[in-house]
Amino acid sequence: MNRPPLSFAVLGAGSWGTALAMLLAGNGYKVKLWAHHVDHAEAMQQQRSNERYLPGITFPENLEVTAELQQAVEEADTILIVVPSHAFRSTLTLIKPFLNEKHRIVWGTKGLEPGSQKLLHQQAVEELKSNIPLAVVSGPTFAKEVAMQQPGAVTVASINSSFANDLALAFHNDHFRAYTGDDVVGVEIGGAVKNVMAIAAGVADGLGFGANTRAALIARGLAEASRLGVALGGQRETFIGLTGLGDLVLTCTDNQSRNRRFGMAMGKGENREQAIAEIGQVVEGIATAKEVYGLAQQHNVDMPITEQVYKVLYEELSPKEAVHN
């Protein structure tokens, strides 16, 4: 395979950022993984693993870890941002002074901006105000399975087809495949809404409901995501692909999903703070539910499951009453 001659700075050393950095380094690329906290970066570099988020999985030799953001950005031509959605804009602001005409930016973040309900690409365009090529990578992928080199697939979406193709080749190997597309809006909405639906599915399971309930939630959740995506300019067919149906099924049915586990805890009677503390990582669907609900109201899109999740999280509606509704 003729791989494009790229070098990567992966910004965000959580489980997903680390897994993507390992995938790219394993494919032979020069990769620097940036961690926000110096002690975390030093521990990973010394242990050659991310024991906090992906314990026991050894880094490829050519994966370097750093807490020096400027160095990581300036030494790479492709910046892969994998921070929580609430930190996405601030990360763009931090790297902006170090960017030049050689750089291209892709993100694996999923969610909307708190308060503004803006999609990730909208934030990138506003912050960078330049011709830097932009892309999003998303799909039904749990970080641990990617890091363990189990088979998987993602979609890379960009209006710059050359950039999308380069990224797809960079991610591709004998156990991992990347498909390309241009529906950035559809991919971003699918990645955001599925976290809300995973909370709903978790609540239903936590209450003791069965497979029928879960299947109905997934099917109607897909309809909600599709309606919102199309209203915002996305393509309907995106939602029956990897970043729509694929990601939705994954996160609603497996306990590796933090959002599903959070919903299950709520369904079993735990309060929000207890559930978050037990998980110990960012549960994206909590903030996303508020923004998706607001976006749906703004565009007059009917999203009843999203509305019930919002009311459980922000209006103290009981989980049992929400599922009944």
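The coordinates are above.
Residues numbered from 1 in each chain as written. Predicted model: local features only at pLDDT ≥ 70, side-chain atom pairs only at ≥ 80, totals over all residues. Heavy atoms only, no water.

Undergrad: Report on unusual backbone geometry, specifying residues and quantitative values.
TA: Backbone geometry follows two general trends: most residues other than glycine have a negative phi, and most peptide bonds adopt the trans configuration. Non-glycine residue Gln117 carries a positive phi angle of around 65°. Residue placement: Gln117 occurs in the loop between strand S7 (104–107) and helix H5 (120–128). By relative accessible area, which is 16% here, Gln117 ends up buried. The phi dihedral of Lys129 falls on the positive side, at around 45°, and the residue is not glycine. Mapping Lys129 onto the fold places it in the loop between H5 and strand S8 (134–138). Classification of Lys129 by relative accessible area gives exposed; the value is 67%. (Helix = DSSP H or I, 4+ residues; strand = E, 2+ residues; numbered from the N terminus. Buried < 20%, exposed > 50% of the residue type's maximum accessible area, 1.4 Å probe, protein only.)

Undergrad: Before we move on, could you go through the pairing of S8 and cite the residues and values that matter?
TA: S8 sits mainly inside the fold: five of its five residues count as buried. Burial along S8 is two-sided: the face carrying Leu134, Val136 and Ser138 and the face carrying Ala135 and Val137 are both buried. In this structure, S7 lies alongside S8, joined through three bridges in parallel fashion. Looking at the pairing, Val106 lines up with Ala135 of S8. Considered for its hand, the β-α-β crossover made up of S7, H5 and S8 is right-handed. Where S8 meets strand S9 (residues 152–157), three bridges bridge the pair, whose relative direction is antiparallel. Paired with Val137 across the strands is Val156, a residue of S9. (Pairing = 2+ DSSP bridges. Right-handed = clockwise from strand over helix to strand, strands pointing away.)

Undergrad: Mind laying out the environment of Val82, listing which residues take part and the relevant values?
TA: Here Val82 is to be found in the loop between strand S6 (78–81) and helix H4 (88–95). Taking relative accessible area as the criterion, Val82 reaches 10% and is therefore assigned buried. Considered as a pair, Val82 and Val137 are 55 residues apart in the sequence and their alpha carbons are 9.9 Å apart. Apart from the residues within four sequence positions on either side, Val82 is in contact with Val10, Leu11, Gly12, Trp16, Gly17, Leu20, Gly108 and Thr109. (Contact = heavy atoms within 4.5 Å.)

Undergrad: Pulling in residues and values, what's your account of helix H9 (residues 211–231)?
TA: Residue pairs three or four apart in sequence face the same way in an α-helix, which turns once every 3.6 residues. Across its 21 residues, H9 extends 30 Å between first and last C-alpha, which sits within 8% of the 30 Å expected from 1.5 Å per residue. Leu217, Ile218, Gly221, Leu222, Ala223, Glu224, Ala225, Ser226, Leu228 and Gly229 are the residues of H9 that are buried. Gly233, located one to two residues past H9, shows a positive phi value of around 105°. (Expected span 1.5 Å × (residues − 1).)

Undergrad: Outline the sheet that holds strand S2 (residues 30–34), supporting the account with residue identities and numerical values.
TA: Across a sheet, paired strands are connected by hydrogen bonds in the backbone, their directions being either parallel or antiparallel. Across the sheet, eight strands lie side by side as S5-S2-S1-S6-S7-S8-S9-S10; this open sheet has mixed pairing. Each having just a single partner strand, strand S5 (63–66) and strand S10 (176–181) make up the two edges of the open sheet. Neighbour to neighbour, the strand axes of the sheet diverge by 25° on average, direction disregarded. When strand S1 (residues 7–11) meets S6, the two strands line up parallel, connected through four bridges. If you follow Phe8 over to S6, its bridge partner there is Thr78. Packing of helix H2 (residues 38–47) onto the sheet brings it into contact with S2 and S5, and relative to S5 it is tilted by some 155°. The sheet strands contacting helix H8 (residues 184–206) are S7, S8 and S9, and the helix crosses S8 at an angle near 40°. (Axes fitted to C-alpha atoms, helices over the stretch in contact; angles between N-to-C directions.)

Undergrad: A description of the side chain of Asp77 should follow, citing residues and the corresponding values.
TA: Within the secondary structure layout, Asp77 lies in the loop between helix H3 (69–74) and S6. Despite its burial, Asp77 pairs with no opposite charge; the closest candidate is Arg104, at 5.6 Å N-O. Of note is the side chain of Asp77, whose polar atom sits 2.8 Å from the side chain of Thr78. For Asp77, the contacting residues outside a window of four places in its chain are Pro5, Leu6, Ser7, Lys102, His103 and Arg104. (Lys, Arg positive; Asp, Glu negative; His and termini not counted. Salt bridge = Lys/Arg side-chain N within 4 Å of Asp/Glu carboxyl O. Polar contact = N/O pair within 3.5 Å; in protein donor to acceptor, adjacent residues only side chain to side chain.)

Undergrad: Let's hear about the environment of Leu92: which residues, and what values?
TA: Take Leu92: it is sitting in helix H4. Given a relative accessible area of 0%, Leu92 falls into the buried group. Separated by 31 residues in the primary sequence, Leu92 and Gln123 place their C-alpha atoms 8.6 Å from one another. Apart from residues lying up to four places away in sequence, Leu92 is in contact with Ile81, Gln123, Ala124, Glu127 and Leu128.

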